[in-house]
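Tertiary structure, described
Listed here are the chains, written in short residue letters.
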Amino acid sequence: MNYRDIIDKYYPAEDELRRILLAHSRQVADRCLRISKAHPGLRLDDEFLEEAAMLHDIGIFRCHAPGIRCLGTEPYICHGIIGAELMRGEGWERHARVCERHTGTGLSAADIERQQLPLPRQDFVPVTLEEQVVCYADKFYSKTRPDSERTVMEAMRSLEKFGEAGILRFQKWVDMFE
C-alpha cells in the first residue's frame with residue numbers, strides 16, 4: 001500500500017487542511033515507530049503501523065471543524081467511521097478498523113448510547129496491538145496545537161470526557177508502551 005496515494009486522492013490540494021493532516025499523522029506515526037523500536041518483544045508490524053497512523057484521520061475532510069479547516073458537514077466525532085468507510089472502499093479493512101477504533105481510547109456501544117453520540121451503537125474499541133498503539137500515540141498530539149506534545153497527564157486529562165473506562169485503558173497503555 002502507498003498511503004500517500006490515498007491521501008492525495010482525498011486531499012489533492014496543497015491547502016491548510018492537508019498540511020494539518022500530514023503533520024499530525026506524521027507525529028503519530030513517528031511515536032508509533034518509537035514505541036515499536038523500544039518494545040521489540042511486542043512484535044509490531046512497523047509497515048502497517050506507519051500506514052495506519054498516516055491514515056487514521058483520513059475522514060476529517062467530511063467533518064465540520066473549522067478550527068482545523070475541516071469544512072464538511074458531519075460531526076467531527078464521526079471522522080473515524082467516515083475514514084473506515086473510505087478505507088473499506090479502497091480495500092483496506094485492517095486500516096479501516098484503526099480509523100473507526102481510535103477515537104478517545106475507543107468507544108463502546110454503551111459509551112455511544114450514554115453520551116448519545118451520532119455513531120452506530122456498536123463497539124469501536126482497539127483490539128490488536130497495532131490498533132492500540134496508534135490510538136495511544138494519537139492522544140499526544142492535537143491538530144489545533146501542532147507544535148506541542150502532550151504529557152501523559154495532559155493526554156489523560158483530555159480523555160476525561162470519554163469516561164473512566166477510557167482513562168483506565170489509557171493507563172494500561174502507558175504501562176505497556178512507555
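In this report, the structure presented in the accompanying data block is examined. (Residues numbered from 1 in each chain as written. Predicted model: local features only at pLDDT ≥ 70, side-chain atom pairs only at ≥ 80, totals over all residues. Heavy atoms only, no water.)

**Quick word on the overall build of the protein**
- Scanning the protein from N- to C-terminus turns up nine helices and two strands.
- Counting helices and strands in the order they occur from the N terminus, the protein gives α-α-α-β-β-α-α-α-α-α-α.
- Taken over the C-alpha trace, the protein has a radius of gyration of 15 Å; the compact-globule value for 178 residues is 16 Å, and the two agree within 12%.
- Taking the principal axes of the C-alpha coordinates as reference, the protein spans close to 40 × 35 × 35 Å.
- Counting only residues that meet the buried cut, the protein has 52% of its 178 residues in that class.
- Intrachain contacts of the protein at a sequence separation of at least 6 include 61% that bridge at least 24 residues.
- With an accessible surface of roughly 8500 Å², the protein has 52% of that area assigned to carbon and sulfur atoms.
- One way to put it: in the protein the 25 positive side-chain charges average out to a point 2 Å from where the 30 negative ones average out. (Helix = DSSP H or I, 4+ residues; strand = E, 2+ residues; numbered from the N terminus. Rg over C-alpha atoms; globule rule 2.2 N^0.38 Å. Buried < 20%, exposed > 50% of the residue type's maximum accessible area, 1.4 Å probe, protein only. Contact = heavy atoms within 4.5 Å. Areas by Shrake-Rupley, 256 points an atom, 1.4 Å probe, with all protein chains shown as cover. Lys, Arg positive; Asp, Glu negative; His and termini not counted. Charge placed at Lys NZ, Arg CZ, Asp CG, Glu CD.)

**Brief notes about the pattern of salt bridges**
- Enumeration according to the criterion identifies 19 salt bridges in this entry.
- In this structure, glutamate 178 and arginine 31 form a salt bridge, with 3.3 Å as the shortest nitrogen-oxygen distance. Residue glutamate 178 is located in the segment after α9 (164–177), and its partner arginine 31 is located in helix α2 (residues 16–38); the two are separated by 147 residues in the primary sequence.
- Given the relative accessible area of 8%, arginine 31 is considered buried.
- Among the charged side chains, a network of salt bridges with common partners joins Arg88, Glu93, Arg97, Glu100, Arg101 and Glu131. (Salt bridge = Lys/Arg side-chain N within 4 Å of Asp/Glu carboxyl O.)

**Focus on helix α7 (residues 129–138)**
- Most of α7 sits inside the fold, with nine of its 10 residues counted as buried.
- Among the residues of α7, Glu130, Glu131, Gln132, Val133, Val134, Cys135, Tyr136, Ala137 and Asp138 are the ones counted as buried.

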